[in-house]
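Here is what each chain is made of, one letter per residue.
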Amino acid sequence: MMLLIVLSGFLFSALTRPIGSIFKQALPWVFTALPVLLFIYFCSQIGVVSSGDSLTWTYKWVPSLGLDLVFELNGLSLLFALLITGIGSLVFFYSTYYLKGHAYMDRFYGYLSMFMASMLGVVLSDNLLALFIFWELTSISSFFLIGFNNEDPKSRKSALTALSITGLGGLVLLGGIILLSSIGGTYSFSELLSQRNSILSSSSYCWILVFVFIGSFTKSAQFPFHFWLPGAMKAPTPVSTYLHSATMVKAGIFLLAKMTPLLGGTPAWNHTLMIVGGITMVYAAIHSLFRVDLKGILAYSTISALGILVFLIGVGTEKALLAVGIFILTHALYKAALFLITGIIDYQTGSRDVSQLKGLQHVMKPVAIAGFIAALSSAGFPLFLGFLSKEIMYEATFKYAEIGILLTAAIVLTKIFLLVAGFWAGISPFTGELPENLKATKKPSPILWVPPLLLGVGSVLFGVFPALIEQSLIQPVFANISGLDTSIYLALWHGFNTVLLLSILTLIIGTAIYFQWKPSEGKFARTLRFEKISPQTLLEGFAVGFHTFAGVWTRAVQNGYLRNYVLSILAFLTVIMGYRFYEGVSIYLDWNQLSEITPSEVIVVTLMVISIIFAIVSTSRTASIVALGVVGFANCLFFLFYSAPDLAMTQFSIDTLTVLLFMLVLFKLPKNKIFSSKRIRIRDAVLSVLFGLLIAILTLEVFEEPSVTDISKYYADNAYLLAKGRNVVNVILVDYRGMDTLVETTVLIIAAIGVFSLIKLNLNPSKEQ
Amino acid sequence: MKSLIFRTASIYLLPLLLLFSIFILLRGHYLPGGGFVGGLMAGVAFLIHSFAFGLKETRNIIKINPGFLMPIGLTICVLAALAPWIVSLPLMTGLWFEEPFKFVGMVGSALFFDIGVYLVVVGSTLIIMFTIADTV
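Every value quoted in this text rests on a predicted model; they were computed, and no experiment measured them.

### Let's talk about the UniProt feature "transmembrane region" (unreviewed entry) in chain B
Residues and elements named next belong to chain B.
Next, step 1: The sites that carry the UniProt feature "transmembrane region" (unreviewed entry) are, in the present numbering, residues 12-30, 36-55, 67-87 and 107-133.
Next, step 2: End-to-end, the C-alpha atoms of residues 36-55 are 24 Å apart, and along that stretch the chain is 95% helix and 0% strand.
Next, step 3: Its end C-alpha atoms 33 Å apart, residues 67-87 is made of 86% helix and 0% strand.

Here it is, written out as structure tokens:
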């Protein structure tokens, strides 16, 4: 059942082509049905999960790797699954109109449902290895969606940046997962939970933390990896709504929340998260004030909100973890609404410039209502869901030990700025006089304004009646993150206290700033001055530098001259072996053990030496090649003397072939000339003599090791019994190690094709003309 | 090469060497030899012929593009490896006919495997040789 639910998105995206070609018109609606059905299914599970149970489905996938598809539906994953499918339904629905008539409509829905499936996989997987796979799949589908307008080079660049940052983070996360499993002996998260103590006390705990943090921070756009998120705003607005505010960027938060009962509760965990989250939330909140593009404002306020979540997980008290649960829901509801509204404004007016948009409430009333609700919820006005989460947040930081004041100050500051940003996005475009050039704006279709309004209804409904979500949704989430069974309680009224005072202060100061501070191009331009030291510039500079270094290195080492390759390989081996022998070498030669030297061997060795010398000094190319052939044949004779007829035979054929091929090529070349200077020749001579010497020593040293004859004896004894062959060498080739031979023949074919294409296809661009 | 002796000799060498290479291939399971060496020898045989009469003549004798020998050989290898599957034995298990064949001796899946190797080696040697010889 659950397998089908998670994979249905992949199934749908695979069916995009056939469905798309048959029902061109109905395709968006067919796809919209999927998240709606899933949402209904997950809603029906609320009852079971809120009673404290968790449902588990197990499917074997690759048991030998410990990789099984184990899906667990508990409080945390249910909240996320509801967000993914719920907001997914709205976004799928919204896009049916937003992208109407777009050439890549089918593709869009394919990517989107692929993303939804991978995201469900991330939140539902109990097996960490499977979680990693789904995690990477979300990065990949996000890459396609950001680069959806593939004719735009900026779009492509943003997609690539996002992919490389999140992909890199994912890779690091894999390292953390592997470390975890090497300590716990399993990839199953629920089994690891029971080994918390051994993991905390292990020496690699620190590394696990680093890896998991980098994985989460890149995905959730934390400082200094945050810059891919504003770039990702190049995607169509429904995508930004879905991936880059409501769901995918929260995968990092999800991971941290999931890991809290396993890895959390230590100073290293809490302090790092508090610092990184704190920096991110303040930094991004300030940044959001300087943007004029509505989507830019929303992007930075999203980063800031993600920072708040990381920060709260870092604070880690009961109240803070409770705030995490509520704020995830709150933020998803109001931020998705704001994004959808921005999309509507963009669609209807063709502008996203906040300093130009005014008085749109006269032309799009329902959108304005949704905008006001979202902005007020984001600001945390009473009776909105944002109020609840803000109260709990302030309470959590205020009561945090000695530095409570400092933390509270940071979060109040962030909240004030976010309030301003929220007002800019949700209120500013709708109030004031409607400028002349916007008078002609048409009323948007209900398909566009119903989704943000529904989200607004959610914000108000849960804000007025927190009991609706208290026990059913938030309690199990809290239990999952904190690992405690303390009963939680959400109230609208906490009495007159400092927290309420702070809350009122936030509203007053924020509103005051909103009326005083007008975003403008000038202010935005001033922030660009600091671009030089921004993490983005630094990282991109690093990437460019790396690229340049790689270029220089490749040109130095891979310069295309065979002689240089051979030289560097031999020099490297010589140095390695020389170092090895420098450490000390034990050669012991027992003359009695050696077999007697026969006259024929003496003759062959003499022949070899003479032909080597001849090959070096000869001025005729043909003579040199023939001399080298003689060396090869002499070698074969040695194989024969020491009873290896198969080897000798093969060597004979190979040598003949080599000499003939050489002749074929060199026959046609002009007369032999000496191109190398004397110095180079001496250098080569020294190197080759040295290399030969070291190899000789190595060979002698090998004799010191007692030889293992078990395997060869087994082969020899069983060749006829098992494989009906008397020639052991051949039996090894075609039977014992037949699979190797099969692969080797394939390699041979690849080599032949390689030679053919290198020479015939003439891929060198400079030679094309 | 214009040498009359070499030319005359190579006319007789080609069939002899080819026969010899097949002989080497067939005896491989019991005595020194096998598909790989056999294939190399066949390659040498054609190479000698092309030295004497030029590449064009050799191509005419072979008729087909030697590149085709590679996939054919590989297919035979894979089939020989897969054959035991049909009788539900593990892959690459040797299957043998009960009675020896005339001239050839015992025939089994290993022999077919070796024939596959032989064809691949002949094919790739000739492809490499022809390509290089073509360009110079």
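### What about the interface of chain B and chain A?
Next, step 1: Of the residues lining the interface, 43 residues belong to chain B; the matching set on chain A comes to 39 residues.
Next, step 2: Interface of chain B and chain A: buried area, both sides summed, is about 3,700 Å²; carbon and sulfur atoms make up 80% of it.
Next, step 3: At the boundary of chain B with chain A, the tally comes to zero salt bridges.
Next, step 4: For the pair chain B and chain A, the number of links is one residue pair in polar contact (both at pLDDT 80 or more).
Next, step 5: Only α1 (4-27), α2 (35-53), α4 (69-86) and α5 (109-135) of chain B provide two or more residues apiece to the side of chain B that touches chain A.
Next, step 6: The element contributing the most residues to the side of chain B that touches chain A is α5 of chain B, with 16 residues.
Next, step 7: Per-class residue counts for the side of chain B that touches chain A are 31 nonpolar, nine polar and three charged.

### Examining the nonpolar core
Next, step 1: With 186 residues, the main nonpolar core has F42, Y242, M259, L263 and W269 of chain A as its most contacted residues.
Next, step 2: For this core, the element with the highest residue contribution is helix α17 (residues 318-349) of chain A, accounting for 20 residues.
Next, step 3: Setting aside anything within four residues of it in sequence, one finds F42 of chain A in contact with M2, I5, L73, L78, A81, L82, T85, L120 and L124 of chain A.
Next, step 4: Formed by 37 residues, the second largest nonpolar core is a distinct cluster that contains L40, F51, Y118 and M129 of chain B.

### Concerning the side chain of H331 of chain A
Residues and elements named next belong to chain A.
Next, step 1: As for its position among the elements, H331 is in helix α17.
Next, step 2: There is a polar contact of 3.0 Å between the side chain of H331 and the side chain of K250.
Next, step 3: What H331 contacts, discounting residues up to four positions off in sequence, is S245, K250, T302, A305 and A336.

### Brief notes about the pattern of salt bridges
All names here are of chain A.
Next, step 1: One pass over the full model with this rule turns up five salt bridges over all chains.
Next, step 2: Of the charged contacts in the structure, one is a salt bridge between K319 and E395, with a shortest N-O distance of 3.9 Å. With K319 in helix α17 and E395 in helix α19 (residues 385-398), the pair connects residues that are 76 residues apart, well separated along the chain.
Next, step 3: You can call K319 partly exposed: its relative accessible area is 31%.
Next, step 4: Linking R683 and D684 is a salt bridge whose minimum nitrogen-to-oxygen distance equals 3.2 Å.
Next, step 5: Residue D684 is classed as partly exposed on the basis of its relative accessible area of 32%.
Next, step 6: Each of D293, D346 and R352 takes part in one network of salt bridges that share partners.

### Brief notes about the side chain of T414 of chain A
Residues and elements named next belong to chain A.
Next, step 1: Note on placement: T414 falls in helix α20 (residues 404-426).
Next, step 2: For T414, a relative accessible area of 0% gives the class buried.
Next, step 3: At 2.7 Å, the side chain of T414 and the backbone oxygen of A410 are in polar contact.
Next, step 4: When near neighbours in sequence (up to four residues on either side) are disregarded, T414 contacts M281, V282, A285, S304 and I308.

Parameters and conventions
- Residues numbered from 1 in each chain as written.
- Chains lettered and ligands numbered in written order.
- Predicted model: local features only at pLDDT ≥ 70, side-chain atom pairs only at ≥ 80, totals over all residues.
- Heavy atoms only, no water.
- UniProt positions renumbered as here; feature names shortened; annotations may be inferred.
- Helix = DSSP H or I, 4+ residues; strand = E, 2+ residues; numbered from the N terminus.
- Contact = heavy atoms within 4.5 Å.
- Buried area = accessible area lost by both parts, 1.4 Å probe.
- Salt bridge = Lys/Arg side-chain N within 4 Å of Asp/Glu carboxyl O.
- Polar contact = N/O pair within 3.5 Å; in protein donor to acceptor, adjacent residues only side chain to side chain.
- Nonpolar A, V, L, I, M, F, W, Y, C, P; charged D, E, K, R; others polar.
- Core = buried A, V, L, I, M, F, W, Y, C linked by side-chain atoms within 4.5 Å.
- Buried < 20%, exposed > 50% of the residue type's maximum accessible area, 1.4 Å probe, protein only.

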